[in-house]
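Structural description and commentary
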Amino acid sequence: MIKSMTGYGKAEACLETGKLTVEIRTLNGKSADINIKTPLLPKDKELLIRQKLSEKLHRGTIDFFISFEANAVSSAKKINAELAGEYFRQIAEISANLGLKNDSALYLASILRFPDIIDNSRQDVINDGNWPEVENAIDRTIELTCEYRGKEGAALYKDVTSRVKKILELEDEVETFDGERIATVRAKFGKALEELGLKPDPSRFEEEMIYYLEKFDVNEEKVRLRQHCKYFMDTIDGEPYPGKKLGFIIQEMGREINTTGSKANHAGIQKVVVKMKDELEKIREQSMNIL
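The structure reproduced in this document is the subject of the present report.

Scoring rules and cut-offs
Residues numbered from 1 in each chain as written. Predicted model: local features only at pLDDT ≥ 70, side-chain atom pairs only at ≥ 80, totals over all residues. Heavy atoms only, no water. 1 Å grid on protein atoms, 1.4 Å probe; cavity = no way out; pocket = protein on both sides within 12 Å on 5 of 7 lines; lining within 4 Å. Points joined across faces, edges and corners; volume = space filled by probe spheres on them. Helix = DSSP H or I, 4+ residues; strand = E, 2+ residues; numbered from the N terminus. Nonpolar A, V, L, I, M, F, W, Y, C, P; charged D, E, K, R; others polar. Core = buried A, V, L, I, M, F, W, Y, C linked by side-chain atoms within 4.5 Å. Buried < 20%, exposed > 50% of the residue type's maximum accessible area, 1.4 Å probe, protein only. Contact = heavy atoms within 4.5 Å. Phe/Tyr/Trp six-rings, centres within 6.5 Å; stacked < 30°, edge-to-face > 60°. Lys NZ or Arg CZ within 6 Å of the ring centre and 35° of its normal.

A short note on the layout of surface pockets
Of the volumes computed, that of the second largest pocket is approximately 370 Å³. Mapped onto the lining of the second largest pocket, the elements with two or more residues apiece are helix 9 (243–263) and helix 10 (267–287). Sort the elements by how many residues they give to the lining of the second largest pocket and helix 9 lands first, with six residues. Its residues assigned to classes, the lining of the second largest pocket comprises five nonpolar, six polar and four charged.

With respect to the nonpolar core
Among the nonpolar cores identified, the biggest contains 26 residues, and Ile167, Leu225, Phe232, Ile236, Met253, Met276 and Ile283 are the most heavily contacted of them. Within the residue set of this core, elements represented by two or more residues are helix 5 (131–175), helix 8 (219–238), helix 9 and helix 10. Among residues more than four places away in sequence, those in contact with Ile167 are Leu225, Cys229, Met253, Met276, Glu279, Leu280 and Ile283. Residues Leu15, Val22, Leu53 and Val134 belong to the second largest nonpolar core, which totals 23 residues.

Some details on the packing of aromatic side chains
Each aromatic ring pair is specified by the distance between its two centres and by the angle formed by the two planes. Within the structure shown, the criterion is met by one aromatic pair. Pairing Tyr87 with Phe114 gives two aromatic rings, centres 4.9 Å apart and planes at 90°, and the pair type is edge-to-face. Here Tyr87 is found in helix 3 (residues 81–98), whereas its partner Phe114 is found in the loop between helix 4 (104–111) and strand 6 (118–119), with 27 residues between them in sequence. Overall, the relative accessible area of 29% leaves Phe114 in the partly exposed class. Above the plane of the ring of Phe65 lies Arg25, whose end atom (NZ or CZ) is 4.9 Å from the centre.

So, the side chain of Glu279
Tracing the backbone through its elements, the reader meets Glu279 in helix 10. The contact partners of Glu279, leaving out residues within four places of it in the chain, are Arg163, Lys166, Ile167 and Leu170.

In structure tokens form, the structure reads like this:
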């Protein structure tokens, strides 16, 4: 079954320091355009993640996110106790030298306002110790994204195949106008000759009519269009990632429909051709999202 390039997946990992959330969002694209939108992923893991995404998701615009919600303990700021103690010793010494009253609580409160007392050094959320849990969450997210794509693909398959069948039905409808079209052309020429007062040789007239009608014959276009429709169905049913090939087949289908319209010379056929073009355009739009 085909897959859509539109997908979404989300999974979580509970780490000692908090909850890590992995998300993947995908849209249609000509190739695998991978965007890693997180500062939390270590640089040495980025290539591995890109390989995983490329191998499993194959194609499309792929946005990869990691967010982190720290728990209460890990989110608390760390105080540099050694530095605070040194500041306290120095302030107490200065106070004693100046003969000032020793107020320990006031000293400590003042010291805690110093900007370098709070340790703001960045702690890596993802490290070698918790990497197995993080990688497992990433793998689950990719799997969920693939499942989402599969569900979307089923809807796409139903839509485009029903439209291909509709084009074949409309092609059958074109055939019903063939006899009427030929009769109309003959009548048109006969009337023109009559108005001019001409009486051509019947055999010569028939030869010219056959030559003229051959220019407007659409039998070859009918055969080729049916072949392209069959090739479309064989491809979408038989290949795991048919998206690009379907695009080429749709181009060929459009060429035959356009040629039929240019040769139609009949209002009824023109109306049917417009309907076929409408169905084909919807197929083209949908196929752009087929993996």
